[in-house]
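# Observations on the model geometry
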Amino acid sequence: MLNRTTRHGADAWLTMERVGTMLVRDGLIRPEQLGALQVGAPDSTLPHPLVRISEMNWRSARDERQPLELEWLTRWLATQCSLEYIRIDPLKIDVMRVTGIVSYAYARRFRILPVRVSDDSITIASAEPFATDWIGELSGLLRLRVEHVICNPLAVERYLTDFYSVSRSLSGATAAASDEPVLKVTNLEQLVDVAENSAEPGADDRHIVRLVDWLLQFAFEQRASDIHLEPRREQGNIRFRIDGVMHLVHHVQTVVLNAMVSRLKALGRMDVIERRRPQDGRVKTRPPNGHEIELRLSTMPTTFGEKLVMRIFDPEVLVRSIDELGLVGIELNRWRALTEAANGMLIVTGPTGSGKTTTLYSALKQLARPELNVCTIEDPIEMVDPSLNQMAVQPSIGVSFATGIRTLLRQDPDIIMVGEIRDKETADAALQAAMTGHLVLTTLHTNDAPSSVTRLLDLGVAPFLLRAALLGVIAQRLVRTLCDRCKAPVETDLPQWEALTAPHKARAPEQVYTAVGCDECRHTGYRGRIGIYEMMPISESLRQMIEPSMDIQALRAEASAEGMRSLRLSGALKVQSGITTPAEVFAVAPPEGQH
């Protein structure tokens, strides 16, 4: 372990020679490898020594299984210097507060990044454990205890720019909104008056433009599926939904949030002036990685202003291979058999946010071949795809799902996707299409697969139409998947396993995995989501059970006897495979037969 002392001048910064010597001394690289590192004097134009070493793609001389990756090397350096290592999570940093206490020029000069401020201390991250002149200076100036932590050098460089850029834009937008005094509001009427008369920054204000650009890029990097801009009385919230869980990103003044909403509405070709009624729009953007991402915008008037939600449709996430969706074994074989049928109707069911859109688009991408005409009728079009012929529902001009299906039937289709069955007219039109030589894919909102049959009967669909056209029903949910870096094996809780697999007598595994939490998964223990499925192909025996007075419990029992796995049983298999936890399955999948 090295003694850490305050150093001054050029010898304070880490050099390749010094880091290389430390690595050789610790047995991580061989002495002959030092020559490949181009050891020399420090140069501010060169990457940090740890970055350069990580780019060599070496493995530890002590353990060939351990690659010398940048994050691992940063941890090693922190241990060598008896300092705490942190991995920066931008969602957990109060950007305005940390950037307001140390100037950008000072932070840039010493290559430091403030990450946390409390009443009596400030935490500063850097990748330079020995350049510590600033510790005494900051402690004296701020009269706070300074805690020095070690962080990935690329993260320090990147967030030093990002945090201070966002802070400047927020400050500039706030200053533009404060030209006139803002009255303290005590009721809703005063609030409306203030909102109408206050000096808000415009949607084309350069600070607002930068903030919106940053917001979108930040959301893409954090794997957000939704962005929420929520006005409140004095300040608004910006929140992301990541892996199904909401995370607070920033607090901003309500007038700044309103200007950001106006900017996004303008990008989505919505009426910027109209704030009293809900609106929908869409934006297509291209992040630095090059592929296009679509955003669906929805506004809603609330007590304190206009709320905006953006649903992010990333083609790389939305359209996956069937294997990536979570279909395996017998479920995968049944899915392929159903989607390869020449005609009939296939229903995907589940609540909002259960992954139905992803499943349908993945199926359509798999089925869309040059020799086939694949058409869709949607409300709205979720993702524009050049291999599909897509039409949007427009009630204002008389284009409903039912009329849209009739139009598509005159377009010589092979496969039709109907966004959702909401009424008898749409159900009848979809079933008629399925009976006349077309494969029809659609969605319903029910809790499980057998309930979809009774739902259609409740809408007034004739039983003979269902018996003739229905191929199968797939119910689905999304469960969070365990983080591969930190999940840990534990002994199976037998009562919990029995509750998960009841009423089936599934054999309990000796061990399952539990969520632990690490920097990679933001200490949640989970990273990403995967589907669990209840797949009910309509066999001849099930077909004969479809009657007006059908007993749904009998239908469910017969489907189970024919091999249908309930949502919980499907989830139990994912638990057994170490993909998720029982708690996740319990949270989303109802007990079998209780719907």
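Residues numbered from 1 in each chain as written. Predicted model: local features only at pLDDT ≥ 70, side-chain atom pairs only at ≥ 80, totals over all residues. Heavy atoms only, no water.

### Structural notes on the overall build of the protein chain
Helix and strand counts for the protein chain come out as 23 helices and 19 strands. A total of 595 residues make up the protein chain; the buried ones form 50% of that total. Roughly 27,600 Å² of accessible area belongs to the protein chain as shown, and the carbon and sulfur atoms make up 49% of that amount. (Helix = DSSP H or I, 4+ residues; strand = E, 2+ residues; numbered from the N terminus. Buried < 20%, exposed > 50% of the residue type's maximum accessible area, 1.4 Å probe, protein only. Areas by Shrake-Rupley, 256 points an atom, 1.4 Å probe, with all protein chains shown as cover.)

### Considerations on the nonpolar core
For soluble globular proteins, the rule of thumb is that nonpolar side chains tend to be buried together. By size, the foremost hydrophobic cluster in this structure holds 39 residues, and its most contacted members are Met 345, Val 453, Leu 456, Leu 466 and Met 536. By residue number, the principal contributor to this core is helix α16 (residues 424–435), which donates six residues. Among the nonpolar cores identified, the runner-up in size contains 36 residues, and Ile 242, Val 249, Val 252 and Ile 293 belong to it. (Core = buried A, V, L, I, M, F, W, Y, C linked by side-chain atoms within 4.5 Å.)

### Brief notes about α16
Its twelve residues place the ends of α16 16 Å apart at the C-alpha level, agreeing with the 16 Å of an ideal helix rising 1.5 Å per residue. Taken as a whole, α16 has its buried residues at Thr 426, Ala 427, Asp 428, Ala 429, Ala 430, Leu 431, Ala 433 and Ala 434. The inward-facing, buried residues of α16 contact β11 (344–349), α15 (401–409), β14 (415–418), β15 (439–444), α17 (449–459) and α18 (463–469). Sitting at the amino-terminal end of α16 is Asp 423, which places a side-chain oxygen 3.4 Å from the backbone nitrogen of Glu 425. Directly beyond the C-terminal end of α16, a positive phi value near 95 degrees is found at Gly 437. (Expected span 1.5 Å × (residues − 1). Contact = heavy atoms within 4.5 Å. Polar contact = N/O pair within 3.5 Å; in protein donor to acceptor, adjacent residues only side chain to side chain.)

### Quick word on the pattern of salt bridges
Considering all chains together, one arrives at 32 salt bridges under this definition. Among the ionic pairs, Arg 65 bridges to Asp 63, the shortest N-O distance being 3.1 Å. Between Asp 484 and Lys 487 there is a salt bridge whose closest N-O contact spans 3.7 Å. Taking relative accessible area as the criterion, Asp 484 reaches 66% and is therefore assigned exposed. The exposure class assigned to Lys 487 is partly exposed, which follows from its relative accessible area of 23%. (Salt bridge = Lys/Arg side-chain N within 4 Å of Asp/Glu carboxyl O.)

### Here's the deal with the sheet that holds strand β19 (residues 526–537)
A sheet is described by the order of its strands in space; here seven strands give the open sequence β13-β12-β14-β15-β11-β16-β19, paired in mixed fashion. A strand with exactly one partner marks an edge of an open sheet, and here the two such strands are β13 (389–392) and β19. Neighbour to neighbour, the strand axes of the sheet diverge by 20 degrees on average, direction disregarded. Two strands pair when backbone bridges link them, and strand β12 (residues 374–378) and β14 are joined in this way by four bridges, in the parallel orientation. Note on β14: the bridge partner recorded for Thr 376 is Met 417. Here α15 sits on the sheet in contact with β12, β13 and β14, set at roughly 165 degrees to β12. Those strands touched by α16 are β11, β14 and β15, and its axis lies near 135 degrees from that of β11. (Pairing = 2+ DSSP bridges. Axes fitted to C-alpha atoms, helices over the stretch in contact; angles between N-to-C directions.)

### Notes on the sheet that holds strand β8 (residues 279–285)
With respect to topology, six strands assemble into an open sheet ordered β7-β6-β5-β10-β9-β8, the strand pairing being antiparallel. Every other strand in the sheet has two partners, leaving β7 (245–253) and β8 as the edge strands with one partner each. Taken pair by pair, the neighbouring strands of this sheet meet at an average axis angle of 20 degrees, ignoring direction. As paired strands, strand β5 (residues 226–230) and strand β10 (residues 305–313) are joined by four bridges and run antiparallel to one another. Bridged to Leu 229 within β10 is Leu 308.

### Examining the pairing of β19
A regular strand carries its side chains on alternate faces of the sheet. With respect to burial, β19 is a largely interior element, nine of its twelve residues being buried. Direction of pairing for strand β16 (residues 470–482) relative to β19: antiparallel, over a ladder of ten bridges. Within β19, the position partnered with Leu 482 by the bridge is Tyr 526.

### Brief notes about the confidence of the model for the protein chain
Confidence along the protein chain averages 86 in pLDDT terms, with 90% of residues attaining 70 or more. Ranking the elements of the protein chain by mean pLDDT puts helix α8 (residues 188–197) last, at 34, and β11 first, at 96. The model gives residues 1–10 a pLDDT under 50, and that stretch makes 25 contacts with residues more than four places away or in other chains. Between residues 180–199, whose pLDDT stays under 50, and residues either more than four places distant or in other chains, the model counts 18 contacts. (pLDDT = per-residue confidence, 0-100.)

### Side note on the packing of aromatic side chains
By the definition in use, this model includes five aromatic pairs. Aromatic rings pair up to connect Trp 214, Phe 218 and Phe 240 into one cluster. Across from the ring centre of Trp 13, 3.9 Å away, lies the NZ or CZ of Arg 111, which sits over that ring. Seen from the ring of Tyr 513, Lys 487 lies directly overhead, with NZ or CZ sitting 4.8 Å from the centre. (Phe/Tyr/Trp six-rings, centres within 6.5 Å; stacked < 30°, edge-to-face > 60°. Lys NZ or Arg CZ within 6 Å of the ring centre and 35° of its normal.)

### Observations concerning the packing of helix α1 (residues 16–25) against helix α3 (residues 70–80)
Relative to each other, α1 and α3 sit at 85 degrees, their axes nearing to 12 Å. Our classification of the angle between α1 and α3 gives roughly perpendicular. Between α1 and α3, the residues in contact are Val 19, Met 22 and Leu 23 and Leu 73, Trp 76, Leu 77 and Gln 80, respectively. Residues that form the contact of α1 with α3 fall into these classes: six nonpolar, one polar and no charged. (Parallel < 35°, antiparallel > 145°, perpendicular 65-115°, else oblique. Nonpolar A, V, L, I, M, F, W, Y, C, P; charged D, E, K, R; others polar.)

### Topic: the packing of helix α19 (residues 494–501) against helix α22 (residues 567–576)
For the pair α19 and α22, the least separation of the axes is 8 Å and the interaxial angle reads 140 degrees. Compared by their axis directions, α19 and α22 come out oblique. On α22, the residues that touch Trp 497, Ala 499, Leu 500 and Thr 501 of α19 are Arg 568, Leu 569, Ala 572, Val 575 and Gln 576. Here the contact of α19 with α22 is composed, by residue class, of six nonpolar, two polar and one charged.

### Here we look at the side chain of Thr 426
Note on placement: Thr 426 falls in helix α16. Of note is the side chain of Thr 426, whose polar atom sits 2.7 Å from the side chain of Asp 423. Those residues in contact with Thr 426 that sit more than four places away from it in its chain are Phe 401, Ala 402, Ile 405, Val 418, Glu 420 and Ile 421.

### Some words on helix α21 (residues 552–561)
Within the span of α21, buried status applies to Leu 555, Arg 556 and Ala 559. Along the long axis of α21, the arc covered by the buried residues comes to 95 degrees, so they all point the same way. Tucked into the core, α21 has its buried residues touching α17, β19 and α20 (540–545). Within two residues after α21, Gly 563 carries a phi angle of roughly 110 degrees, on the positive side. (Arc of directions from axis to C-beta.)

### Quick notes on the side chain of Ser 126
Tracing the chain through its elements places Ser 126 in strand β3 (residues 121–126). Owing to a relative accessible area of 1%, Ser 126 belongs among the buried residues under this scheme. At 3.3 Å, the side chain of Ser 126 forms a polar contact with the backbone nitrogen of Glu 128. Separated by 2.8 Å, the side chains of Ser 126 and His 148 make a polar contact. What Ser 126 contacts, discounting residues up to four positions off in sequence, is Arg 111, Ile 112, His 148, Val 149, Ile 150, Cys 151 and Val 156.

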